Amino acid sequence: MTISTSISAKARLTRGWRGMRAALAVAALCVTLGACAEQFQKGYILPPGALEQIPIGASQDQVLIVMGTPSTVATLSGEVFYYISQRAERVVAFMPQKVTDQRVIAIYFDKDRKVTRLANYGMQDGKIFDFISRTTPTSGQEMSYLTPLFKLISFR
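Along each chain, residue indices are assigned from 1 in the same order as the chain's sequence is written. In keeping with the predicted nature of the model, local features appear solely for residues at pLDDT of at least 70, side-chain atom pairs appear and are counted solely at 80 or more, and the whole-chain, interface and lining totals rest on all residues. Water and hydrogen atoms were dropped before computing side-chain values, which therefore reflect all heavy atoms in the structure.

**Looking at unusual backbone geometry**
Here is the rule we go by: When a residue's accessible area, from a 1.4 Å probe over protein chains only, is under 20% of the maximum for its type it is buried; when over 50% it is exposed; and in between it is partly exposed.
With a phi angle near 65°, R113 is a residue other than glycine that sits in the positive phi range. According to the relative accessible area criterion, R113 is partly exposed, its value standing at 42%.

See below:
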């Protein structure tokens, strides 16, 4: 009786170790896949506190010193500097990227090249939204220029 008892205890111990090894293998795989999460920043990277350094009435040269060269410039009615950025992430390697944030910072100038308005446009609930004034522009405003920019940098 002792031989069969010791064999059955040994078999249970072996099965326990197999289960433990399988659990460790699954845990190691999860950690490995979790470590594969990647974040991507495309376009302009806004320095912390940069927008606070640009008061209304600041010169265009001050803006260039603080913000750097704009992504694009518009000269329709006055001049506007646009700084465009997009953040995306990929949770697991080989999976497609998912856009987490899109921003267009617009700095508007008058004819004397002084700042008249700052806007920080982003996507909120699928609509273009100004995070500074907390408004969504109605049709007919400058969105005719910003909408294609968002579509251009979006990969959907």
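**So, the side chain of Q102**
What counts is decided by this rule: Helix numbers and strand numbers start at the N terminus; a helix is a DSSP run of H or I with at least 4 residues, a strand a run of E with at least 2. We define a polar contact as two N or O atoms separated by no more than 3.5 Å, with the added condition that, inside protein, one atom must be a possible hydrogen donor and the other a possible acceptor, whereas residues neighbouring each other in sequence contribute only through side-chain atom pairs.
In this fold, Q102 is placed in strand β4 (residues 98-109). A polar contact is formed between the side chain of Q102 and the side chain of Q86, at a distance of 3.0 Å.

**A word on the environment of P47**
Here P47 shows up in the loop between β1 (38-43) and α2 (60-67). Distance in space between the C-alpha atoms of P47 and V66 is 8.7 Å, their sequence separation being 19 residues.

**A look at the confidence of the model for the chain**
How we decide: Looking at any residue, its pLDDT shows the predictor's confidence there, from 0 to 100.
Looking at the chain, the pLDDT average stands at 75 and 56% of residues meet or exceed 70. Across the chain, element-level confidence peaks in α2 with a mean pLDDT of 93 and bottoms out in helix α1 (residues 2-35) with 59.

**Points about α2**
The criterion, for reference: Regarding the arc, it is the one traced by the directions from the helix axis to the C-beta atoms.
Where α2 is concerned, the buried positions are Q60, V63 and M67. Angularly, the buried residues of α2 cover 55° about the axis, an arc narrow enough to put them on a single face. Looking one or two places after α2, you find G68, whose phi comes out positive at around 90°.

**Quick notes on the packing of aromatic side chains**
For the record, the criterion: Pairing of aromatic rings covers Phe, Tyr and Trp, the last counted by its six-membered ring, and requires centre-to-centre distances within 6.5 Å; plane angles under 30 degrees mean stacked, over 60 mean edge-to-face, and any other angle means tilted.
Tallied over the entire structure, the rule returns 2 aromatic pairs. Consider the rings of Y44 and Y83, whose centres lie 4.7 Å apart with planes at 50°: the pair is tilted. Taken as a pair, Y44 in the loop between β1 and α2 and Y83 in strand β3 (residues 79-90) lie far apart in primary sequence, 39 residues in all. Each member of the pair, Y44 together with Y83, is buried. Pairing F81 with F109 gives two aromatic rings, centres 4.9 Å apart and planes at 65°, and the pair type is edge-to-face. Taken together, the residues span a long stretch of sequence, with F81 in strand β3 and F109 in strand β4 at a distance of 28 residues.

**Regarding the pattern of salt bridges**
Going by this rule: Within this document, salt bridges are pairs made up of a side-chain nitrogen of Lys or Arg and a carboxyl oxygen of Asp or Glu, the two lying within 4 Å of each other.
Following the criterion strictly, the structure yields 4 salt bridges and no others. When the shortest N-O distance is used, the salt bridge between R90 and E38 registers 2.8 Å. Within this pair, whereas R90 is found in strand β3, its partner E38 is found in strand β1, the two being separated by 52 residues in sequence. The class of R90 is buried, set by a relative accessible area of 19%. Linked by salt bridges that have partners in common, R87, D101 and R103 make up one network.

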